[in-house]
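Structural overview for review
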Amino acid sequence: MLADAAATDALGEALARTRPPSAVVLLHGDLGAGKSSLARAMLRALGVRGPIRSPTYTLVERYPLPEGGEAWHMDLYRIGDPGELEFLGLDGGEAVLWLVEWPQRGAGALPTADLEVWLDHAGNGRSARLEARSDAGSAWLRRLNGALPAEGALASHS
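In this text the structure is predicted, and so the values were computed from the model without any measurement.

Attention now goes to the pairing of strand β4 (residues 95-101). Extensive coverage of β4 is indicated by the burial of 7 of its 7 residues. Sheet analysis places strand β1 (residues 23-28) next to β4, joined by 5 bridges and oriented parallel. Bridge pairing in β4 links L27 to E101. By the bridge criterion, 6 bridges tie strand β3 (residues 70-75) to β4 in an arrangement that is parallel.

Structural data, given as structure tokens:
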């Protein structure tokens, strides 16, 4: 349970602190569930300075990371067909972190996920469920669960 926006930010910060050197994160949830907020918190915690824009209209926002490589924040809500992704120039060479909102719209055209995050409205807050989809994702969730208070453990290994 994420009681408020600060809890969502804290989860994003913990994900950033414990992440592997390279990762693909798929963010699921309805409009307003907190996908962009979680991505923004991760990017801030990774050292991104300046404006962090929503990729709703641009589809992809690229952020250089202080330790090297780029984080790509994508919002595929406006994609009609996964084939449209080839026109975005997503060869992945510079990307060390993919944060993908509405990933089901890019099914089959995205790299394999390491972690999937489901966010949902829950009363006045949000709920979060995290599932590993790779060995790197499983190791990430173990590090994350070790970094969270016992009542904050959210992750499952699939």
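Here the narrative resumes.
Keep in mind that most residues, glycine aside, have a negative phi and that most peptide bonds are trans. With a phi angle near 75 degrees, L59 is a residue other than glycine that sits in the positive phi range. With respect to the helices, strands and loops of the structure, L59 is situated in the loop between α2 (35-45) and β2 (60-64). Accessibility expressed as a relative area gives 15% for L59, which makes it buried. If you check the backbone angles, W102 has positive phi at about 55 degrees while not being a glycine.

It is the contact of helix α1 (residues 5-18) with helix α3 (residues 135-147), at a shortest axis distance of 9 Å, that shows an interaxial angle of 125 degrees. When the axes of α1 and α3 are compared, the pair comes out oblique. Crossing of α1 against α3: the hand is right-handed. Each of L11, A14, L15 and T18 in α1 lies in contact with α3, whose residues at this interface are W140, R143, L144 and A147.

Rules used in this analysis
Residues numbered from 1 in each chain as written. Predicted model: local features only at pLDDT ≥ 70, side-chain atom pairs only at ≥ 80, totals over all residues. Heavy atoms only, no water. Buried < 20%, exposed > 50% of the residue type's maximum accessible area, 1.4 Å probe, protein only. Helix = DSSP H or I, 4+ residues; strand = E, 2+ residues; numbered from the N terminus. Pairing = 2+ DSSP bridges. Axes fitted to C-alpha atoms, helices over the stretch in contact; angles between N-to-C directions. Parallel < 35°, antiparallel > 145°, perpendicular 65-115°, else oblique. Left-handed = near helix turned anticlockwise from the far one by under 90°. Contact = heavy atoms within 4.5 Å.

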